[in-house]
Amino acid sequence: MFLVLLLGAAATSGCDSRTEHVLAGRTMGTTYTVKLVGRPWSATESLKKKIDRRLEELNRIFSPYRADSEISRFNRFAVAGEAFSVSADFRRVFEVSLQVYGWSRGAFDPTVGPLVDLWGFGRGPARRAPPAEEEIAAARAAIGLSRIALRGEQGLMKEDPGVTLDFSAIAKGYGVDEVARLLREAGWRDFLVEIGGEVYASGRRADGSLWRIGIARPESRARPEEVHRVVALRDAALATSGDYRQFFLFEGRRHSHIIDPTTGRPVANGVVSATVLAPDCTTADALATAVMVLGAEEGLALLERLERIEGLLVVETDTGGFLDRPTSGFPQAEGVPLIDSKRPPP
Ligand code: ADP
Ligand code: MG
């Protein structure tokens with residue numbers, strides 16, 4: 001949601017007639033862009049169909065807005081102690097969620113849906129003031145990813161019939177990884193995939209330069225294309241989460257759509273945006289949300305502890321300015337490839 005693609009034309013050299021093809025469409029309630037480097041006459045029509053088909057498949061699994069999606073059916077399944085059979089995609093997203101839930105000690109928790117709804121950022125009416133304490137306490141009672149367990153290859157079991165899943169903070173990242181996988185399997189090496197601002201960049205642009213992604217200026221008044229900082233990416237994913245586009249003001253304070261599961265309230269720790277760089281976009285997306293909740297100190301400590309993962313937090317200062325808090329390995333200057341991994345992402 002908070003990354004800006006810098007897709008200015010890349011000059012192609014005369015002898016190597018490679019060009020950049022752009023495919024774009026809508027998915028997951030937002031837009032997607034795919035950039036591919038190849039021969040000018042490459043057949044990209046059928047590829048676009050494949051991408052759209054795969055994304056439609058993922059929407060049928062993860063969309064909370066479709067009553068017949070797999071996740072909606074799972075959420076209606078109010079039986080404790082009995083396995084609900086899920087697809088391989090659902091299981092993979094659940095597994096990464098469990099991992100990030102563990103790493104962040106519950107800061108990233110895809111069972112927060114009832115709180116998101118209560119605070120007016122999900123289903124139900126928007127709000128101009130916080131809900132009552134009793135309502136928050138009641139919604140909190142149904143929350144906790146540890147209340148859902150894996151059973152065998154394909155089963156998920158609720159330990160509490162009221163627990164539900166909301167993969168909004170991770171599904172776009174997974175969609176990016178799946179489109180990237182599809183492109184790789186079709187033989188493409190140099191490409192960029194973006195869904196709603198979450199990105200994976202593979203190889204290089206047509207002119208040999210690195211893909212460059214802008215981190216949006218973390219201000220509600222900023223235009224969406226205003227860039228705070230530019231990151232060069234190669235064979236890596238970048239995801240950003242922020243509190244300045246979806247929020248309401250109450251008593252002069254911002255109440256955003258990112259909820260701290262331990263307090264049951266919108267985060268209020270001074271971090272206005274969290275960007276995470278990782279080998280895959282599923283992990284980057286979930287971690288960006290986790291770090292928003294953890295705050296600057298704990299968030300940076302977590303990112304430093306994780307291998308091949310870097311990040312940049314933007315923190316609001318007392319005087320209303322912004323302070324960049326990068327991890328030690330976050331690219332200092334534009335043009336420096338950060339993760340130049342030889343290994344393919346998991
Ligand atoms: P965006 O969707 O704007 O890119 P995120 O990836 O951070 O941003 O996802 C935010 C969404 O995730 C919220 O709208 C809400 O549905 C859900 N969410 C809110 N708080 C949490 C949390 N602590 N853990 C997991 N998901 C959350
Ligand atoms: Mg996220």
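Enquirer: Help me out: how do you make sense of the site of ligand 1 in this one?
Expert: Lining the immediate surroundings of ligand 1 are 20 residues, of which Ala107, Asp166, Ser241, Ile259 and Thr289 lie closest. Within the side chain of aspartate 166, a nitrogen or oxygen atom sits 2.9 Å from an oxygen atom of ligand 1. Aspartate 285 has a polar side-chain atom sitting 3.2 Å from an oxygen atom of ligand 1. Contact with the protein chains covers 95% of the free accessible surface of ligand 1, which is 570 Å². Taking a 2 Å distance to the grid points as the criterion, the majority of the atoms of ligand 1 fall inside the largest pocket. It is helix α7 (residues 281-294) that contributes the most residues to the shell around ligand 1, three residues altogether.

Enquirer: Hey, could you run me through the packing of aromatic side chains in this one?
Expert: Each aromatic ring pair is specified by the distance between its two centres and by the angle formed by the two planes. As enumerated under the stated definition, the model contains nine aromatic pairs in all. Considering the side-chain rings of phenylalanine 62 and phenylalanine 167, the 5.8 Å spacing of their centres and the 80° angle between planes classify their relative orientation as edge-to-face. With phenylalanine 62 in helix α1 (residues 45-62) and phenylalanine 167 in the loop between β6 (155-158) and α6 (171-185), this residue pair connects regions lying 105 residues apart in the sequence. Given a relative accessible area of 6%, phenylalanine 62 falls into the buried group. Judged by relative accessible area, phenylalanine 167 falls into the buried class, the value being 2%. For the ring pair phenylalanine 90 and phenylalanine 167, a centre distance of 5.5 Å and an interplane angle of 70° mean the geometry is edge-to-face. Taken together, the positions of phenylalanine 90 in helix α3 (residues 88-103) and phenylalanine 167 in the loop between β6 and α6 put the pair 77 residues apart, joining distant regions of the chain. Assigned by exposure class, phenylalanine 90 and phenylalanine 167 land together as buried. Every member of this aromatic cluster is reached through a ring pair, and the members are Phe62, Phe74, Phe77, Phe84, Phe90, Phe167 and Tyr174. Against the face of phenylalanine 247 rests arginine 254, its NZ or CZ located 5.7 Å from the ring centre.

The rules behind these values
- Residues numbered from 1 in each chain as written.
- Chains lettered and ligands numbered in written order.
- Predicted model: local features only at pLDDT ≥ 70, side-chain atom pairs only at ≥ 80, totals over all residues.
- Heavy atoms only, no water.
- Near = heavy atom within 4 Å.
- Polar contact = N/O pair within 3.5 Å; in protein donor to acceptor, adjacent residues only side chain to side chain.
- Areas by Shrake-Rupley, 256 points an atom, 1.4 Å probe, with all protein chains shown as cover.
- 1 Å grid on protein atoms, 1.4 Å probe; cavity = no way out; pocket = protein on both sides within 12 Å on 5 of 7 lines; lining within 4 Å.
- Sits in = over half its atoms within 2 Å of the grid points.
- Helix = DSSP H or I, 4+ residues; strand = E, 2+ residues; numbered from the N terminus.
- Phe/Tyr/Trp six-rings, centres within 6.5 Å; stacked < 30°, edge-to-face > 60°.
- Buried < 20%, exposed > 50% of the residue type's maximum accessible area, 1.4 Å probe, protein only.
- Lys NZ or Arg CZ within 6 Å of the ring centre and 35° of its normal.

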